Amino acid sequence: MVTNTNSAYCFIAFLFCISINGNIYSQFESSKKIQVFILAGQSNMDGRGDASKLTNDDVIGLSKAKENILFAYNGSQPAPLHVTQIKQDFIRKKFRVDSIFGPELFFGIEMSKQFPDKKFLIIKRSQGGTSLYGCWNPNWSIDKATHVNEQNKPKLFFEMLEFTDAILAELDPKSYELAGMLWVQGESDSGRKLPSNSYEQNLTNLIQHTRKHYKTDDLPFLMLQVSRGKVADAMRSVSKNLPRVSFIAQSYSEDAFNFLPQYDYMWKGRPAGHYNYEGMKKIGVLFSKEFVKTYSK
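Residues numbered from 1 in each chain as written. Predicted model: local features only at pLDDT ≥ 70, side-chain atom pairs only at ≥ 80, totals over all residues. Heavy atoms only, no water.

Brief notes about the sheet that holds strand 7 (residues 120-126)
Argument step 1. The sheet built from seven strands is open, its strands ordered 4-3-7-1-8-9-10 with mixed pairing. With one partner strand each, in any of the chains shown, strand 4 (79-80) and strand 10 (245-248) form the two edges of the open sheet.
Argument step 2. In this structure, strand 3 (residues 69-73) lies alongside strand 4, joined through two bridges in antiparallel fashion. Across the sheet, residue Leu70 finds its bridge partner in strand 4, namely Pro80.
Argument step 3. Sitting on the sheet, helix 10 (residues 230-241) is in contact with strand 9 (221-224) and strand 10, with an inclination near 145 degrees to strand 10. (Pairing = 2+ DSSP bridges. Helix = DSSP H or I, 4+ residues; strand = E, 2+ residues; numbered from the N terminus. Contact = heavy atoms within 4.5 Å. Axes fitted to C-alpha atoms, helices over the stretch in contact; angles between N-to-C directions.)

Here you go:
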């Protein structure tokens, strides 16, 4: 079997490095349970929103959200909700930014506004250029991974569970509850016959395996529409066939409230395909609105 040994060792090292200072949770002393959200997906979940464009109101909102929200990202220790400083040179050069954010930022800001008396923990595992057919597949196999040239990439579904489990292990099981999972992924499966044709079944498996792992059959699962082809159709179908699954549609009409702007420059002759500050902000807000409307009871 071919495995990505280096990636696996690096991620395991991240997990061993997680040594959460108990004081980080001191601000969370409350009779109410911490609301835990799992975020997963590829680069648009990882986020390429330009943090330098945050407005004064955004910064004030984030400052208040920091009091109620901890954020753990790709092996990092939980810390007050924050933007991400780019370490990879290729991302900095491609997007021409030094700090970025994903859906978690404005999802967190809006959730803290809606529920000022609650505490939240957001745990995110994401990696650009990864497919549900390969890296994110709960039924991973070397043949599937090789089919999409991901045989040397990590098994992200299992890393997501390991990372989340490692964070939650530091908490008293009675002090938190899983509130939901947010999913932004599908670009890498679009336009490929077998991955797109099997996306509905693979997404169903991912939701069911996650719920089974955490013994929460009613865990809310919210996903953003990706593309306008088979993958988007598969997402809609899953949201209709499984309980407590939300499909958040996006419009491609610039006048629509759910139009999500992307970077407008070209990269290697193709549109960048990543959401800018405004688009990423809208994604976070849309996730929050859907959760409040459908699941807040």
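From this point on, the discussion continues.
Some words on the pattern of salt bridges
Argument step 1. Applying the stated criterion across every chain yields a total of eight salt bridges.
Argument step 2. For Asp117, the salt bridge is made with Lys32, and the minimal N-O distance between the two is 2.4 Å. Of the two residues, Asp117 sits in the loop between helix 5 (103-114) and strand 7 while Lys32 sits in the loop between helix 1 (5-17) and strand 1 (34-41), which places them 85 residues apart along the sequence.
Argument step 3. On the accessibility criterion, Asp117 (43% relative accessible area) is partly exposed.
Argument step 4. A salt bridge links Asp58 to Lys281, with the nearest nitrogen and oxygen atoms 3.2 Å apart. Note that Asp58 is positioned in helix 3 (residues 56-65) and Lys281 in helix 11 (residues 277-295), a separation of 223 residues in sequence.
Argument step 5. On the accessibility criterion, Asp58 (6% relative accessible area) is buried. (Salt bridge = Lys/Arg side-chain N within 4 Å of Asp/Glu carboxyl O. Buried < 20%, exposed > 50% of the residue type's maximum accessible area, 1.4 Å probe, protein only.)

A short note on the nonpolar core
Argument step 1. Among the nonpolar cores identified, the biggest contains 42 residues, and Leu121, Trp136, Trp183 and Leu203 are the most heavily contacted of them.
Argument step 2. Of the residues forming this core, the biggest block, seven residues, is contributed by helix 7 (residues 156-168).
Argument step 3. Listed in part, the 37 residues of the second largest apolar core include Tyr73, Phe106, Ala179 and Met280. (Core = buried A, V, L, I, M, F, W, Y, C linked by side-chain atoms within 4.5 Å.)

Notes on unusual backbone geometry
Argument step 1. Positive phi, normally seen in glycine, also occurs at Asn74, with a value near 50 degrees.
Argument step 2. You can see Asn74 is positioned in the loop between strand 3 and strand 4.
Argument step 3. Although it is not a glycine, Lys215 sits at a positive phi angle of roughly 55 degrees.
Argument step 4. Mapping Lys215 onto the fold places it in the loop between helix 9 (199-213) and strand 9.

Overview of the sheet that holds strand 2 (residues 49-50)
Argument step 1. Strand order across the open sheet formed by three strands is 2-6-5, with antiparallel pairing between neighbours. Lying at the two open borders of the sheet, with one neighbouring strand each, are strand 2 and strand 5 (84-85).
Argument step 2. Note that strand 5 and strand 6 (residues 99-101) share two bridges and pair antiparallel. Following the sheet pairing, Gln85 is matched in strand 6 by Ser99.

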